[in-house]
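Chain by chain, the residues run as shown.
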Amino acid sequence: MYDVIIIGGGPAGLSAAVYAKRAMLDVLVIEKEAQGGGQIVQTGQVDNYLGMEGMSGYAMAVRFQEHAKALGVPFRKGTVEAVRDGKTKTVVLSDGTVFEAIAVIIAAGAKHRRLGAEGEEAFVGSGVSYCATCDAVFYRGKDVAVAGGGNVALSDALHLAKGCRKVYLLHRRDVFRAERYWQERVKNTANIEFLPFCEIKRIGGDRMVEHVTILHNRTGKLQQLAVSAVFVAVGMEPVTAFVKGAAALDGKGYIVAAEDCRTDADGIFAAGDVRTKENRQIVTAVADGANAALAAGRYIDGMNSR
Ligand code: NAP
């Protein structure tokens, strides 16, 4: 039996682990990827984390992990299949392993949303990518498309524009969600062509992506664009399928919890991108991790003094 099990080894989970360990709690971090680190591993450069400007997401993830490991936080690779509420909490892994804890902090983050275009799944790894940082190198000198209008789409377009001949930025509206900083940089990059009111309907090719069919949603016109790759950056979805029944989710699947990270289930806490919140940033995830671990510590003290 652990004091607290933390599900997820991204910034929120690792921050929670550091705070829990320093509170002398018996803690376990469960992470499904061998590498761990969460979404930031795929971020080229992080420019807005206080005191670490210009650091790569990968380097930052490694530094976060080293901090937790230096304190003696134990890690277990595994995919959580269910969390069950009760006087103690049960965490079930897909390999059948069962762990018990007094409290659970869910920091499982979010995964890439699919575009929903015909051919998208078939071409994953053959021209359809969800990570420009990882895959840009394969398309040097080529024409590529980026789908989306948020921070990730625009920063991906800029990253790709460094090596690709041309980058089409395809967005379903003409207004960006991305911060003005990214918009200005995109506007000033000659080989990025912004196509507003465009939806990718079909991705086609022989073995690799060769073209996309786009719908101009204002006119209803279809157009084929020759591209060697499609970088999909249309947002994230929370990883919460395993939470159903244990804690309340909102209409979009995020765990309902306020800044104190408490869910509607006593002893179950939600931290980072997985919980309902306005701003999903590394710094807000790290803050959540601290809040969740401190709240979990108070909950555990209460349970132990009964
Ligand atoms: P996001 O901000 O949610 O933007 C998603 C974009 O994809 C929106 O433009 C949306 O269009 C579009 N979209 C969603 N579903 C679509 C669909 N089915 N088909 C076509 N387009 C679709 O997501 P994100 O860019 O991945 O960013 C995720 C979070 O990370 C955000 O909170 C962001 O602020 C944060 N982030 C911050 C930074 C930074 O520099 N501070 C960098 C990276 C990420 P609509 O606008 O029409 O809805």
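Engineer: Mind showing me how you'd approach the nonpolar core here?
Structural biologist: A general trend in soluble globular proteins is that nonpolar side chains are found buried together. Val4, Met60, Phe64 and Ile105 are the most contacted members of the largest nonpolar core, which totals 39 residues. Of all the elements in the fold, those that place two or more residues in this core are strand 1 (2-7), helix 1 (11-22), strand 2 (27-31), helix 2 (57-70), strand 6 (98-106) and helix 6 (282-304). Of all the elements, helix 6 adds the most residues to this core, at 10 residues. In contact with valine 4, not counting residues within four places along its chain, are Ala20, Leu25, Asp26, Val27, Leu28, Ala101, Ala103, Ile105, Ala296 and Ile300.

Engineer: Just to check I follow, could you spell out the environment of glutamate 121 for this structure?
Structural biologist: Note on placement: glutamate 121 falls in the loop between strand 7 (110-112) and strand 8 (128-129). Sequence separation between glutamate 121 and methionine 55 is 66 residues; the distance between their C-alpha atoms is 32 Å.

Engineer: Looking at this structure, how should I read the sheet that holds strand 8?
Structural biologist: Consider a sheet: its strands pair through backbone hydrogen bonds, and that pairing is either parallel or antiparallel. Taken together, the five strands give an open sheet; going across it, the order is 8-15-9-10-11, and neighbouring strands pair in parallel fashion. Each end of this open sheet is capped by a strand with a single partner; those strands are strand 8 and strand 11 (192-195). Direction of pairing for strand 10 (residues 166-170) relative to strand 11: parallel, over a ladder of four bridges. By the bridge assignment for strand 11, tyrosine 168 is matched with glutamate 193.

Engineer: How do you make sense of the state of the cysteines when you look at a structure like this?
Structural biologist: What is meant by a disulfide is a covalent connection between two cysteines, made through their sulfur atoms. Overall, the coordinates contain one disulfide when judged by the stated rule. Note on cysteine connectivity: cysteine 131 is disulfide-linked to cysteine 134, with sulfurs 2.0 Å apart. Here the disulfide of cysteine 131 and cysteine 134 is right-handed, its torsion about the S-S bond being about 75°. On the accessibility criterion, cysteine 131 (7% relative accessible area) is buried. Accessibility expressed as a relative area gives 39% for cysteine 134, which makes it partly exposed.

Engineer: For this particular structure, what's the right way to read the pairing of strand 14 (residues 221-226)?
Structural biologist: Every regular strand shows the same layout, with side chains that alternate between the two sheet faces. Here strand 13 (residues 209-216) runs beside strand 14; their pairing, made up of six bridges, is antiparallel. Residue threonine 213 lies in a different strand from strand 14, and its bridge partner there is glutamine 224. Taken together, strand 13 and the strand that follows it, strand 14, pair antiparallel across an intervening segment of four residues, in which glycine 220 is found at a positive phi of about 80°.

Engineer: Explanation requested: the site of the ligand in the structure shown.
Structural biologist: Close to the ligand lie 19 residues; Asn48, Gly149, Arg172, Arg173 and Arg177 are nearest. At 2.6 Å, a side-chain N or O of arginine 177 approaches an oxygen atom of the ligand. Within the side chain of glutamate 179, an N or O atom sits 3.3 Å from a nitrogen atom of the ligand. Contact with the protein chains covers 77% of the free accessible surface of the ligand, which is 930 Å².

Engineer: Which parts of the structure should I look at to understand unusual backbone geometry?
Structural biologist: Despite not being glycine, phenylalanine 197 has its phi angle at roughly 55°, a positive value. Turning to its location among the elements, phenylalanine 197 is positioned in the loop between strand 11 and strand 12 (198-205). A positive phi angle is found at cysteine 261, which is not glycine, with a value near 70°. Mapped onto the fold, cysteine 261 is located in the loop between strand 16 (236-238) and strand 17 (268-270).

Engineer: Mind showing me how you'd approach the environment of glycine 9 here?
Structural biologist: Turning to its location among the elements, glycine 9 is positioned in the loop between strand 1 and helix 1. Here the alpha-carbon distance between glycine 9 and glycine 36, two residues 27 residues apart in the chain, equals 5.6 Å.

Engineer: Even after reading the chapter, I still don't get the packing of aromatic side chains, so can you show me in this structure?
Structural biologist: For any pair of aromatic rings, the description rests on two quantities: the centre-to-centre distance and the angle between the ring planes. Going through the model one piece at a time under the given rule, you end up with six aromatic pairs. Ring plane angle 70° and centroid distance 6.2 Å describe the contact between tyrosine 2 and phenylalanine 99, whose orientation is recorded as edge-to-face. Pair noted here: tyrosine 2 is in strand 1 and phenylalanine 99 is in strand 6, with a separation of 97 residues, a long-range link. Since its relative accessible area comes to 23%, tyrosine 2 is described here as partly exposed. On the basis of an interplanar angle of 75° and a centroid distance of 5.0 Å, the ring pair of tyrosine 181 and tryptophan 182 is categorised as edge-to-face. The exposure class assigned to tyrosine 181 is partly exposed, which follows from its relative accessible area of 45%. Judged by relative accessible area, tryptophan 182 falls into the buried class, the value being 19%. Its guanidinium or amino end placed over the ring of phenylalanine 197, arginine 218 lies 4.1 Å from that ring's centre, counting from NZ or CZ.

Reading guide: rules and limits
One numbering rule holds for all chains: residues counted from 1, following each sequence as written. Confidence filtering applies because this is a predicted model: local features only for residues at pLDDT of at least 70, side-chain atom pairs given and counted only at 80 or more, and all residues used for totals across whole chains, interfaces and linings. Side-chain numbers come from the whole structure's heavy atoms, not from hydrogens or water. The term nonpolar core refers to a set of buried residues drawn from Ala, Val, Leu, Ile, Met, Phe, Trp, Tyr and Cys, joined through side-chain atoms within 4.5 Å. Residue burial is assigned from relative accessible area. The probe radius is 1.4 Å, only protein chains are included, and a residue is buried under 20% of its type maximum, exposed over 50%, and partly exposed in between. Starting at the N terminus, helices and strands are each numbered in turn, a helix being any DSSP run of H or I of at least four residues and a strand any DSSP run of E of at least two. When checking whether two residues touch, look at their non-hydrogen atoms; a contact exists if any pair is within 4.5 Å. Paired strands, as defined in this entry, are two strands with at least two bridges between them according to DSSP. To count as a disulfide, a pair of cysteine sulfur atoms needs to be within 2.5 Å. Being near a molecule or strand, for a residue, comes down to having at least one heavy atom within 4 Å of it. What qualifies as a polar contact is a pair of N or O atoms within 3.5 Å, subject to a donor-acceptor requirement within protein and to the restriction that residues adjacent in sequence count only when both atoms come from side chains. Surface accessibility follows the Shrake-Rupley procedure with a 1.4 Å probe radius. Residue values consider only the protein chains on display as shielding. When two rings of Phe, Tyr or Trp (its six-membered ring) have centres within 6.5 Å they constitute a pair, described as stacked for plane angles under 30 degrees, edge-to-face for angles over 60, and tilted for the intermediate range. When the NZ atom of lysine or the CZ atom of arginine is within 6 Å of a ring's centre and also within 35 degrees of its normal, the charge is said to sit over that ring.

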